[in-house]
Amino acid sequence: MRVLITNDDGIHASGIQTLAKHFASFATVTVVAPDRQQSATSHSITLHKPLHVDEVHLGSSIRAYQVNGTPADCVKLALGALCEDAPDLVLSGVNSGANLGLDIVYSGTASAAAEAVLQGFKAIALSVTKPPFDFTASVRIAENLAHQVIQHGLTADTYLNVNIPPLPYDELKGIVVTRIGVRKYKNAYERRTDPLGRNYYWQAGKIVKVHNEQDTDVHAIEAGKVSVTPVHFDFTNGQSLVTLNSWQLTL
Ligand code: MN
């Protein structure tokens, strides 16, 4: 198995290093990841400055490169230039923090997997939902799912968004296939003053507890289960298409 691994927490994060080392014990691993924290950079790419690639030592059998770009940059660059052989699978993570509900819109972790899918590859995004960020269980789950994905394949435009509760492997309550649930935040901006007397704002949104149906990712995590959501891009609102056509727009 050949895997390409990336993330949005940066190549020095514990999650990606634990994942890369675990997969290197049974697969050919290439790591191409941001050189710094790039969480919540969504699907952005770099167009107006050069991308620099530097080799990083993560272990004798792992080819690893850091890039001064976003997670989507890393996937595009890896698949378009750095990987000599096409990977069987692209893994993104393991992220420190949940990627539940529509938070995946902001997520660099999820967007790296989405970019791999847009390039025609199979992909899995992996996140441990909250501290303690011990990745021992999550890399075992990643291995299991990787074998399943290679064996069964995935619908061409779909990646798996996997969220894992911060529990030891033996204490996980199961693994379920879910749909995207609802996560709401109360937007909160702390206003502070810097040493020069200027005001600045620090985003500090708080999660608001809302009802989630039993088949959602949020519900699964609250129940201590691993959540596996198949995600694809389908932005067109079919119902609205019908409504808008009824307007009979003309120039
Ligand atoms: Mn992150």
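The present account deals with the structure reproduced in this document. Just so you know, these numbers come straight off a predicted model, no measurement behind them. (Residues numbered from 1 in each chain as written. Predicted model: local features only at pLDDT ≥ 70, side-chain atom pairs only at ≥ 80, totals over all residues. Heavy atoms only, no water.)

Let us look at the nonpolar core. Note that soluble globular proteins tend to have their nonpolar side chains buried in a common cluster. Ranked by internal contacts, the top residues of the largest apolar core, which has 35 residues, are Ile5, Leu19, Phe23, Val31, Ile124, Leu126 and Val162. Among the elements that take part in this core, helix H4 (residues 136–152) stands out by supplying seven residues, more than any other. If near-sequence neighbours (up to four positions away) are discounted, Val31 is found in contact with Ile5, Ile11, Ile16, Ala20, Leu58, Ile62, Arg63, Ala64 and Tyr65. Within the second largest apolar cluster, 24 residues are counted, among which are Val75, Leu77, Leu79 and Ile104. (Core = buried A, V, L, I, M, F, W, Y, C linked by side-chain atoms within 4.5 Å. Buried < 20%, exposed > 50% of the residue type's maximum accessible area, 1.4 Å probe, protein only. Helix = DSSP H or I, 4+ residues; strand = E, 2+ residues; numbered from the N terminus. Contact = heavy atoms within 4.5 Å.)

Backbone torsion omega between Gly93 and Val94 reads 0°, so that peptide bond is classified as cis. Along the chain, Val94 falls in strand S5 (residues 89–96). The phi angle at Ala40 is positive, at roughly 65°, despite the residue not being glycine. As for its placement among the helices and strands, Ala40 is situated in the loop between strand S2 (28–34) and strand S3 (53–55).

With that settled, the discussion passes to the coordination of the manganese ion. Ligation of the manganese ion by protein atoms is provided by Asp8 (OD), Asp9 (OD), Ser39 (OG) and Asn95 (OD1), these donors lying 2.1 to 2.2 Å from the ion. Ordering the donors of the manganese ion by residue number gives the pattern D-D-x29-S-x55-N. Of the two residues, Asp8 is situated in the loop between strand S1 (2–6) and helix H1 (14–24) and Asn95 in strand S5; the sequence distance between them amounts to 87 residues. Neither Asp8 nor Asn95 differs from the other in exposure class; each is buried. (Donors = N, O, S within 2.8 Å, 3.2 Å for Na, K, Ca; no water.)

Quick look at the packing of helix H2 (residues 71–82) against helix H3 (residues 108–118) now. Where H2 meets H3, the closest approach of the two axes is 8 Å, and the angle between their N-to-C directions is 30°. Put simply, H2 runs roughly parallel to H3. For the crossing formed where H2 meets H3, the hand is right-handed. Of H3, the residues touching H2 (which contributes Pro71, Ala72, Val75, Lys76 and Leu79) are Gly108, Ala112, Glu115 and Ala116. Partitioning the contact of H2 with H3 into residue classes produces six nonpolar, one polar and two charged. (Axes fitted to C-alpha atoms, helices over the stretch in contact; angles between N-to-C directions. Parallel < 35°, antiparallel > 145°, perpendicular 65-115°, else oblique. Left-handed = near helix turned anticlockwise from the far one by under 90°. Nonpolar A, V, L, I, M, F, W, Y, C, P; charged D, E, K, R; others polar.)

Another point: H1. Every buried residue belonging to H1 is among Gly15, Ile16, Gln17, Leu19, Ala20 and Phe23, and all of these are buried. Against the buried residues of H1 lie S1, S2, strand S4 (62–67), S5, strand S6 (123–128) and H4.

Our next topic: the packing of aromatic side chains. For the structure shown, the criterion picks out three aromatic pairs. Ring geometry for Phe133 against Phe135: centres 6.4 Å apart, planes inclined by 10°, an arrangement best described as stacked. Residue classification places Phe133 among the partly exposed residues on the basis of a relative accessible area of 33%. Measuring from centroid to centroid gives 5.3 Å for Phe233 and Phe235, while their planes differ by 55°, and the two rings are tilted. (Phe/Tyr/Trp six-rings, centres within 6.5 Å; stacked < 30°, edge-to-face > 60°.)

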